[in-house]
Structure formats: C-alpha cells, structure tokens
Amino acid sequence: MTADELVFFVNGKKVVEKNADPETTLLAYLRRKLQLSGTKLGCGEGGCGACTVMLSKYDRFQNKIVHFSANACLAPICSLHHVAVTTVEGIGSTKSRLHPVQERISKSHGSQCGFCTPGIVMSMYTLLRNQPEPTIEEIENAFQGNLCRCTGYRAILQGFRTFARDGGCCGGSGDNPNCCMNQKKDSKVTLLPSLFNPEEFMPLDPTQEPIFPPELLRLKDVPRKQLRFEGERVTWIQASTLKELLDLKAQYPEAKLVVGNTEIGIEMKFKNKLFPMIVCPAWIPELNAVEHGPEGISFGASCPLSSVEKTLHEAIDNLPAYKTEVFKGVLEQLRWFAGMQVKSVASIGGNIITASPISDLNPVFMASGAKLTIVSTGTKRMVRMDHTFFPGYRKTLLAPEEILLSIEIPYSREGEYFSAFKQASRREDDIAKVTCGMRVLFQPETAQVKELALCYGGMADRTISALKTMRKQTARFWNKELLQDVCAGLVEELYLSPDAPGGMVEFRRTLTLSFFFKFYLTVLQKLGKGNLENNCAKLDPTDASATSLFQKDPPANVQFFQEVPEGQSEEDMVGRPLPHLAAAMQASGEAVYCDDIPRYENELSLRLVTSTKAHAKITCIDISEAQKVPGFVCFISAEDVPGSNKTGIFNDETVFAKDEVTCVGHIIGAVVTDTPEHAQRAAQGVKITYEELPAIITIEDAIKNNSFHGSELKIGKGDLMKGFSEADNIVSGEVHIGGQEHFYLETHCTIAVPKGEQGEMELFVSTQNTMKTQSFVANMLGVPANRILVRVKRIGGGFGGKETRSTVVSTAVALAAHKTGRPVRCMLDRDEDMLITGGRHPFLAKYKVGFMKDGKVVALKVEHYSNAGNTLDLSQSIMERALFHMDNCYKIPNILGTGRLCKTNLPSNTAFRGFGGPQGMLIAEYWMSEVALTCGLPAEEVRRKNLYKEGDLTHFNQKLEAFTLSRCWDECLASSQYHARRSEIDKFNEENCWKKRGLCIIPTKFGISFSIPFLNQAGALIHVYTDGSVLLAHGGMEMGQGLHTKMIQVASRALKIPISKIYISETSTNTVPNTSPTAASVSSDLNGQAIYEACQTILKRLEPFKKKNPTGTWEEWVSAAYLDAVSLSATGFYKTPNLGYSFETNSGNPFHYFSYGVACSEVEIDCLTGDHKNLRTDIVMDVGSSLNPAIDIGQEVNVSGMLENTGAKDMGSIKRTKGMARRKSLLENMRVLGRIGGTGDRGRHRELEY
Ligand SMILES: Cc1cc2nc3c(=O)[nH]c(=O)nc-3n(C[C@H](O)[C@H](O)[C@H](O)COP(=O)(O)OP(=O)(O)OC[C@H]3O[C@@H](n4cnc5c(N)ncnc54)[C@H](O)[C@@H]3O)c2cc1C
Ligand code: FES
Ligand code: FES
C-alpha cells in the first residue's frame, strides 16, 4: 500500500512530507530537516518545556481555529496533518523585529543561559494568542510545564506580568499604590528597585500576529479520508470514522491507539518499545464529543485534558454546588497535573487506558463511579469504573479489539461529598507519591453513611479501592469513632512492603491516613454548614487548617541595588543593570548552542554503551545485533584508543572500561551510526555479559569496608580536649545530606571534526573546561595538545556539572571521529546524562559540639564523609571546601574537622554549585540549631552571639578583613521585620493544629578563590580592528551567568568605548590557552582583571596618537596606530596574589576574600502531608562593587533556588570585582515569593515499576 503525503505548515510555510516516519517527532523534524534549531531538546519526555511550540488547527468539533502549546519532543509528525506549527523563529527575530514576548523576557533579565527561553517564550506567546490580557494566575499556569534552571522564574514572571491585566508592572510610575517599587520608601538606604523600564517595551498588538494558513481554513469542510504513513518500522493509520477505527482494531488487535502520544512516545523513547501498528483516532467525532446528560457529563475518550478542564470549570459556574463535587475533585487533580503543553494534547482516554498505578484521574473516576462506554465492531458495553477495572499492572478490562469510546463523569447528589488529593515531591508537574479520590454519600438529611469510596493511586501496582474499610462504614455516623476505624482499616488494608517500588514506604502509608483525615474534616466542615442535627462531631477551629487546599500565593518581589556613583559617565556601563547581551538572540532562538551547529554532510551519530552493573567483570561484548541496525558504522571501545585509555583529573578513570566496570553508567564503548535514532537502537543491540562483584553504594557501606579515596583531610585549631572540658553542655549527633542531580537544561554535547592533517581535530563542546577537554582528548589520541582545538560558543547551564564530567563524552566522541575520519556528534539524552554523570556529593557528618549556657560555642569536632563515587575527580577539593566552611560564620576557639572521601560504586560525584561549601555550612547550621534548642534560647540570638568580628582569624587562620557580615545581619533582621513576624508566627502556630510556620535567619560567608592556588589565573586576548571594532577573547565560558556581558562592560570601561564596539565570539583553546575551568565564583574576577591588563597594553600603545590628536575619536586613534605599524593586538594575564594554604601547618590564605550574606525565610508546612511553601525570603547580600546588578541579582536568586533542596542557603556565587574599584556594599532586599526552581528534577516518568 502506498503511503500518503503529510501536509502541515511551519511558520506559515507549507511542508509536504512524502516519507513521513511515525517514529519521527516534530522536534527532530524541525531541528534536523527544517534546520529550525530554536526549539530545544531538554528532556525528550514532556517534562521541561524546552521544546514548546504552538500548534494551531481548525477544530471541526468546536467550529473554530484553536491555538495550543505542545511539546515538540512528544508530537509525532504524523499527528500534524493539516496543522500549523509556530516555532520561536516564526514570531520574531533580532534581524527584523522581536515579538513583545521575546523583547520583554530579554529586557527583564529573564534569560540567563537561554536554553529554556524559546520554550518559555512559546508558552507565553500561545497564552497571549488565546488571551491577550491574561491574569497573573493564567500567566503562571502557562509555565507549569516549563523548567528553568537559571532564573528561579522570578525575573521571567516580572517581565511577563507587564502583559497582565491584574498586576502589570507600572514601572514605579506612581499611579499604582500597590506597586512593588513603592517599597523603596521604607528603605533607609538610597537604592534603585527597578532592573528594567517597562515603558520601553513595545505594546502587544494582537492584530499583527501571523494568520492561520488560508489553505488549511479552506479545507475545513472537506470530508476527511483515511491516511496511512509508513516508516522504517512503524505504520500509522489515521482513521476518519469510528467504523474505520473499529475495523482496524479488529484487523490489528495489537495496534496502539495514539492521541497525545504522551505515554506511547515515552515508552518508545525510554523503554525502547516498538509498536509496529499505530492507529490515530483524533479525527473521530464520537471520540471527541462532549455531552451533558442527566447523570453527568460524558467526554469522548480522545478529548484533551485541557478541554475536560474547561468544560468542568464552566459546569461548576453554571450548576448548583452540590452537583459538582466530583468535578471539583477532577479539577483539583488537573491543577497539579502536567503543564499546558501536555494537557492540551493528552487525552482523558489515554490516561485511563495507560492504567498507570499513579494516575491522578483514575482514583477520582473510580471513587466517583464514572461510567465507561467500551466498543468494538458490533459490540457496545457500559461499565462502571470500580476495583475490577484494573486487573493488574497497566492492565484494563478492555479486550484487545475493544476501544474506550467515552467516559461519563457523574454529577454528585445532595448529601454527597467528594475530595481528591495528590502528594508529590514538588507541587507542579510532578508524579504523585500517593494520589486519591474519596466520596461519601449520606442518608438524606443525616450524617449517616450510605456509601463510602476510598480509592488510591501509588499504593499498589494499580489504582485500588480500600474495599473492606469502605464497606464497614455503611450506616455509621461521621464522627471520631468512624475516623479511628477507617484509619485502622487503612493501615491494615493499604500495606506496602518495605522494598515496594517507589520507596518512601512509611511516608506513603502515612499519606493514606492524612488524606482521609483531611477528607473527614472537610466533610465535617461542610456538614456543619448544613446545621444538621445529627450524631456527627463538630469541627474544632484549630483543625480547620487541615481542610484548606494547597494554594499558590501570587508571586511578588522587590529588589534594591546600589546606583552607580554620581558623575559616572553615561557610556560607562559598569555597575548598571545591562541585560545579558545575548538575551534577545536567546529569546528569538537565534543563539547557537552546541547541538544547534548545522550538521556536516558526512556526519555520524554516537551513542554510549554503559554498564548496567555497579561492580562487575566484563566477560563478553557482543555487537552482532547492533551491526544489523541500518546505518551502523562501527563500535568503539578501549581497544581502539591510540593513546592512553587512562583519563580523569587524577588519571584514575578510563575512557572506556576494560575488563571491569565500577558503576552503573560506566562507559564501556560506543556505537557510531548515521542518525541518532539508529544509534539508540544499535546501542540497545550491544549485549554485555558480566560476572558480578560485591558493590559498595552508601557512605555507611564504605566506612564499614574501609573504602576510601586518599587519606584523611584535617583542619584543627585550639585545644579540643580543654574546650570540651570547659563547656557547660555537649551535644553530639549525625547529619545526613543527600545528593542532588545535575539538571542543566542543555545536556552534555560534543561534535568532533577531524581535520585530516597531522592529527588535528576541532571539537565543539558544551563544557566549563576547554583546557581539560583539550588535554584529555590529546592524551587519549596520543597527539600533542596543539592539534586539538576546543571551541565553546555558550552552554545551556553548567552549575559545576560540566567542569570535568563533560570530558567523558567529548573524549569518546573524539575517538569515534578519529576512527571514522568523519565528524561525529553526541548529545546525551536526559536519562543518559543523569545515569553517566555524577551530581552533588551526599555527606554524612558526625559532630560533637561543646557550648556554654549562654549559647557561646567553645569546642567543635566534626567528622565529614562524602560519597565520592568510583573515581576521585574533584572530590578532594570539594571536601577541602566543606572543611573550610565548617565554621560557616562562627568563631569557635577549639575546633577540629576531618574529611574522608568514600570510594563507592556510583558514578563519580562532582562539582555542584557551592562545591562542598553548602554541605559544610548546612552541617554547621544544624548543630547551631541544636545548641540553641539545648540552651532554650532564641536561635537568632545564639547565632548572633557566635558570629565572627572584624579582624578575627578563621579556623584556618585567615584574617577576616572588611567584614560586613554583622551589617548584613542587622539589615536583614530589620528589613525582614524578624521580631514582629516571629510573634505573628507564634500566634499562627497556636491557632492552627495542622499547618505550622517557621522563620529562620541564617548568615553565610563564602571563600572566593579556587582552593588550588595555580588555578587562580586567567588570560585574555584583545584584537582591535582598523574600523575600531574590538574582538575580545578570555578564558571563561558563557553559561548563562552573564560572564561575556560583564567582560564587555569591563573592556568598555577600560578602553572608554561603548559596549557596541566590543564583541566576544566564543571561548577557545587557540585564543586563550591553559584556562582554568569557569567555576569557583572567580571567573569575573580573574578574566575581568586579565582583560583589564590587555586593555591597558592597547591603551599604552594608543597613547602617542591620542596625544597627537587629543580631540580625535577612538577610530581615528586606532587608524593612526595601524598606519604607524603599531600592533593592535594584545594579551592580558592575571593571577590572584597571596594565595596558598598548607594543611600541614594550617597557615597561608586559601581565599582572596569572602563574600557575605544573610537570608531570612518563612515557610509553612502542612503537618499531615509534608506540603510546604516558602512564604517569604529576604536576602541581604554584599557582593562588593557589582559589575552588573541585574545579573548578580539573577545569579543570587538562582543559587538560592538551586540550593533550596539541600536546605542550604548559599550566597557564594555572587561575583564582585576586587581591583576594579574599592569594595562597596550592594544591598539587596528581595522578596521572593512563589516558585523557586525545583532541584534535582528527575524525569517524571521514573515511576513505580512493578
Ligand atoms: C510530562 C507529563 C506529565 C504528566 N503528568 C501527569 C500527572 O500529573 N498525572 C497523571 O495522572 N498523568 C500524568 N501524565 C500522564 C498523561 O496524563 C497520560 O500520558 C495521558 O493522559 C495519556 O494520553 P495520550 O492521549 O497522550 O495517550 P497516548 O500516549 O496517545 O496513548 C496512551 C495509551 O492509551 C491507549 N488509548 C488511547 N486512547 C484510547 C482509546 N480510546 N481506547 C483504548 N485505548 C486508548 C493507547 O493505545 C495507549 O496504550 C503526564 C504525562 C507527561 C508526559
Ligand atoms: S524536551 Fe520536550 S519537554 Fe523537555
Ligand atoms: S535560562 Fe532557563 S535554564 Fe538557563
């Protein structure tokens, strides 16, 4: 049978694809076939939104054009017949005109690394297409499916709320009494609150948007006919009628129905499942119908969840409240569901039939007794969803040839109450730990139970009902006895074995009770409102807080930064909130990241083959299946390495494992093929046989087995024995700190291009470390470093994860390029990235602290253990930094810290924002809280009492100079109104039994410098061209932290020319050699100073020409110098002076200086579920003389958000430039409400597997 042509539109242009492959996603098609690389790949599973596009189609069921956002990574191209796709490139460009959405996100500093920005732009754009004047809530909801790792969302929302009708920023114009900027008046210091001027923004003109393609509009009444698309392995049939669909299902019972592909797509990509026959029912009227019947609302199974949501909202507005209890339950679940991109395409039927044990909707449907209509050729049956509907893991009652036609969600009746609850690790867009639907129906006008339904997800391999417990309650009254009985029943009935998939067994079991308790109280409250004379209990007012559903607070924030000194020239941009210079290109999708580099004609794709065992001998590698995959070129392994297979910072790693693997994810080899899809299949085909060896996984295992890297590290001062003997009190204990996954939005990526001459190779890499990339590749290939050129344009976030671990990919790719003689590319999938590369080190600390009755600490001993993983990597430096920060900000006269690096069979853990500092400080804050508790004193008083003072020596004997911490502390205490709020919180806690609030103020001091002295060096290269334009190169990588922007500001001030004359193209090993990694919060300091030096050289050379022509221009002086044969190219170099600490003698300075900050946060916790929210955070941070306050504040919010999960508030990454100017305080007071980037966001599809 011949395949049909697929016709769709992209950015107004018609695309006709004659060979549409059902396995091809829109994302792959856009990026590879159409070279539209603005749409990014962040996760490939609908979880990050980097691939967001707008889809528009004429909806025949609603008779109108509809626009909706969708994840291109999940949308099969075959689902797009007669659909118009709009990508970020289609709405605006820096070459013509930016769209207001693109302009506002870039000017409001909402784009740092920019990798998430196109997706965020498209989510906002789609919202505005549907709602040109949205509410703040609608704006926030539009981003539920978009992750950003850099900005903490605050800046993004601040920019976008200028579109809102209920909170648009007035820019401090004075018209709005509630303006966030008015808070400036309360401040005692003269500080600027606004980082951008909304008056500069272009207005949004909805009439200027591109129109829906007229050709598609003309087709709206043309009858549809069945379509067939044939791919390499999969056939896709688009059925146009129900009969066709049922006939196809009868003919191919194993065929999968695909609507949104949000489940099937993931099974294909991540579980390597193959579905040779796919039938798409999206066009069938019966499957899209919505009918309001006498007993409920019926939805065709293909209805997208977004339209279910809309219909139910409308019903709630129009029907009596008692009828819509179940609808509210469904909506409560959809509120915390996936983002808009998923809800717009994922179908209600798909959610049911997927039969996920953690489906949020199925417990609600089951508890409500929803009615399902199931059809096949010639048969139709109706079933109520009950405990029999899911007979097993991911199984339903449907026979293979049957399909789900519709689901009727019932109206609730008088005397019937319904609640739904979901608890996940984070509120938005996360998979549930436990989820449930609960319903009770009372005998008329009484509180006597007629029916009770309690249905749970996350408690078994399917959605279940607590049948025994439910049934026992019939005819009982809604009171404490019933509550106790249900709880006892649930404990017995909802058992989970200790090793149940999904873990957190105790927590999950507790949640089942907590949810019922909430339901019990909520129903009591509702019954109370009806004033029933009955046997039911009354709601105690202190219990009421358990009944309120989790609400997001409207985001609000304000920041203050110091104005540039009076008299600073307008052209001097240092200290001004200049937007990130690439922000506009990032927002328009023009900014080029590694994988956006156009493919070479003869390019190959590489996929790594990694160990599935933690510790084992490799007994056999069989590649015969891989070789059968079309496009297979070769398999590479240790045997192919021409130079050394040994690699790593301490040369204790392998490029490819030989004979033995020491962690899951250990790289054994790689397949090289023509496309990434073939590479994935070929890698699956490589079969490795192992002989397993004992594995060490945890810190405790390592201690038990004496498994360590290197020897013990130690810093001590004073007389510990004496200190403890003099102490009034001694407490000891343990602190366990978990790890944290890296989730830079752009995963590791390398393109290696062999140059064919003398071993030359050019590598484009997403790395923070060009030098190690170059030297490791050279070492592996056995060529001098001068043959290897490493180039980095920008990277989509690094956070330490690309400081060394990027080399494991780039070295393998370089070998493939060497072996094949062709360009080779590899961009890791998110799951591979997380598997192969390590993250933040988990820590265990055993502490003993001695202190006086007044809280003064006199002695401290802490034994630190970190889980370093299978190789040393940066673990020693990380432990050193933890030891340097074990005092946090406190003077402890007698102190000893030790550190051991546990050698385990985990992928080597590595640098991660703060680099051991957060762990050291968090441990300090833990025992400090213990001290306060034991003394019965307010924690802030004890902390203040122990703070260092100006001129004190730290435990590593570094003198604290220009110590502004006390001032930060006092300002934070005052601006946060700490004491007044403390009393309010105490009152709140007294009045509320189930929600509690807490307030804490914490200081930080962070040492600035690499702790390895020689790394504190940097180089710069400056070329001045005859037209006066300046090309700048330095050793730092642009990864979103705005380094290039700041460096251009520095050069602009030094040369006294506008920033528009200066350009940074990339970072490369052939412009600045031997660069230290872009890390340790020193890149602005080091590279800025090197640039400054290079500029001085140029200025000196221009001096005679300036003297000769004092009124001349920059261009005239440059031209005169050229004509006089004076070099207009110079290098600059800088090394931080006076560094060098010795552990032996505990002397010498490890840091050039410290940065100080204080944060005060108020949080609220739901004691029943663990739900928590940050109500307010105030941060006062001294970042010295800020080169760019907008970027520094952005980094500040980012760091705070990223460390939230570790419990630490580390302010260490704020840059300040010593040497550029005398230190001044930049004091910010940021009220950060709402979302702060979740951390360690694992793909949401790592669900329980049974
Ligand atoms: C990022 C993300 C976040 C998510 N968040 C949540 C969440 O918070 N809570 C939650 O519960 N779920 C969540 N999901 C799951 C999501 O709701 C389901 O994947 C979705 O509803 C499935 O619908 P679909 O149309 O995409 O299904 P598809 O992938 O197209 O199909 C799924 C399955 O349903 C079958 N099927 C579809 N229609 C029919 C029919 N009419 N008759 C018979 N079989 C049919 C298909 O054959 C296939 O087996 C999330 C998914 C993603 C990707
Ligand atoms: S790449 Fe599509 S959602 Fe992450
Ligand atoms: S700017 Fe959002 S991920 Fe970097």
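Cut-offs applied
- Residues numbered from 1 in each chain as written.
- Chains lettered and ligands numbered in written order.
- Predicted model: local features only at pLDDT ≥ 70, side-chain atom pairs only at ≥ 80, totals over all residues.
- Heavy atoms only, no water.
- UniProt positions renumbered as here; feature names shortened; annotations may be inferred.
- Phe/Tyr/Trp six-rings, centres within 6.5 Å; stacked < 30°, edge-to-face > 60°.
- Helix = DSSP H or I, 4+ residues; strand = E, 2+ residues; numbered from the N terminus.
- Buried < 20%, exposed > 50% of the residue type's maximum accessible area, 1.4 Å probe, protein only.
- Lys NZ or Arg CZ within 6 Å of the ring centre and 35° of its normal.
- Domains from an automatic or database assignment.
- Contact = heavy atoms within 4.5 Å.
- Buried area = accessible area lost by both parts, 1.4 Å probe.
- Core = buried A, V, L, I, M, F, W, Y, C linked by side-chain atoms within 4.5 Å.
- Axes fitted to C-alpha atoms, helices over the stretch in contact; angles between N-to-C directions.
- Parallel < 35°, antiparallel > 145°, perpendicular 65-115°, else oblique.
- Nonpolar A, V, L, I, M, F, W, Y, C, P; charged D, E, K, R; others polar.

By the naming in an unreviewed UniProt entry, the protein chain is Xanthine dehydrogenase/oxidase, taken from Leptonychotes weddellii. The annotation that UniProt attaches to the protein chain under Sequence similarities (unreviewed entry) is "Belongs to the xanthine dehydrogenase family." Under the UniProt heading Subunit (unreviewed entry), the entry covering the protein chain gives this text: "Homodimer. Interacts with BTN1A1."

Asker: Is there a simple way to explain the packing of aromatic side chains in this structure?
Answerer: The way to describe two aromatic rings as a pair is by their centre distance and the angle between their planes. Overall, the coordinates contain 29 aromatic pairs when judged by the stated rule. Taking 5.6 Å as the distance between ring centres and 25° as the angle between the ring planes, the aromatic pair formed by Phe143 and Phe160 counts as stacked. In this pair, Phe143 is assigned in the loop between α4 (136-142) and α5 (154-160) and Phe160 in helix α5, connecting sequence segments 17 residues apart. With relative accessibility at 3%, the residue Phe143 sits in the buried group. Residue classification places Phe160 among the buried positions, given a relative accessible area of 0%. Relative to Tyr1156, the ring of Phe963 lies with its centre 4.9 Å away and its plane at 75°, an arrangement referred to as edge-to-face. Residue Phe963 is located in the loop between α28 (939-946) and α29 (965-975), and its partner Tyr1156 is located in strand β44 (residues 1153-1166); the two are separated by 193 residues in the primary sequence. An aromatic cluster of at least three residues, connected via ring pairs, comprises Phe884, Phe956, Phe963, Tyr1141, Phe1143, Phe1151, Phe1154 and Tyr1156. Cation over ring: Arg794 sits above Tyr593, and NZ or CZ is 5.7 Å from the ring centre. If you follow Lys802 out to its NZ or CZ, it ends over the ring of Tyr744, 4.7 Å from the centre.

Asker: I'm lost on the domain arrangement of the protein chain in this one. Help?
Answerer: Size of an interface, as often reported, equals the accessible area lost when the parts are brought together. Here the protein chain is partitioned into domain 1 (6-169 + 198-220), domain 2 (289-547) and domain 3 (1017-1135). Between the C-alpha centres of domain 1 and domain 2 the distance comes to 34 Å. On the side of domain 2, 12 residues touch domain 1, which itself brings 15 residues to the contact. Overall, the association of domain 1 and domain 2 removes approximately 990 Å² of surface from exposure, summing both partners, and the carbon and sulfur fraction of that is 45%. It is Phe68, Ser69 and Gln144 in domain 1 that bury the most area against domain 2; as a group they hold 47% of the surface buried on that side.

Asker: What is the right way to read the nonpolar core from this model?
Answerer: Proteins that are soluble and globular tend to have nonpolar side chains buried together. Counting residues in hydrophobic clusters, the biggest one holds 95 residues, and the most contacted among them are Ile348, Phe365, Leu454, Tyr456, Trp478 and Phe516. No other element matches helix α17 (residues 505-529), which puts 11 residues into this core. Those residues in contact with Phe365 that sit more than four places away from it in its chain are Val330, Ile348, Ile352, Ala370, Met385, Ile407 and Ile409.

Asker: Which parts of the structure should I look at to understand the packing of helix α32 (residues 1083-1108) against helix α33 (residues 1114-1123)?
Answerer: Each pair of packed helices can be summarised by the angle the axes make with each other and by the distance between the axes. It is the contact of α32 with α33, at a shortest axis distance of 9 Å, that shows an interaxial angle of 95°. Relative to α33, α32 is oriented roughly perpendicular. Every residue of α33 that contacts α32 at Ile1098, Leu1102, Phe1105 and Lys1106 is listed here: Trp1114, Trp1117, Val1118, Ala1120 and Ala1121. A class-by-class count of the residues in the contact of α32 with α33 yields 8 nonpolar, no polar and 1 charged.

Asker: So what exactly am I meant to see when it comes to the UniProt feature "binding site: [2Fe-2S] cluster 2" (unreviewed entry) in the protein chain here?
Answerer: UniProt records the feature "binding site: [2Fe-2S] cluster 2" (unreviewed entry) for Cys113, Cys116, Cys148 and Cys150 in the present numbering. These annotated residues cover 38 residues of sequence, and their C-alpha atoms all fall within 9.3 Å of one another, placing them together at a single site. Along the chain, the position of Cys148 falls in the loop between α4 and α5. We classify Cys148 as buried; its relative accessible area is 3%. Each residue touching Cys148, except ones within four places of it in the same chain, is listed here: Cys116, Ile120, Tyr153 and Ile156. Counting through the fold element by element, Cys150 comes out in the loop between α4 and α5. Its relative accessible area of 3% is what places Cys150 among the buried residues.

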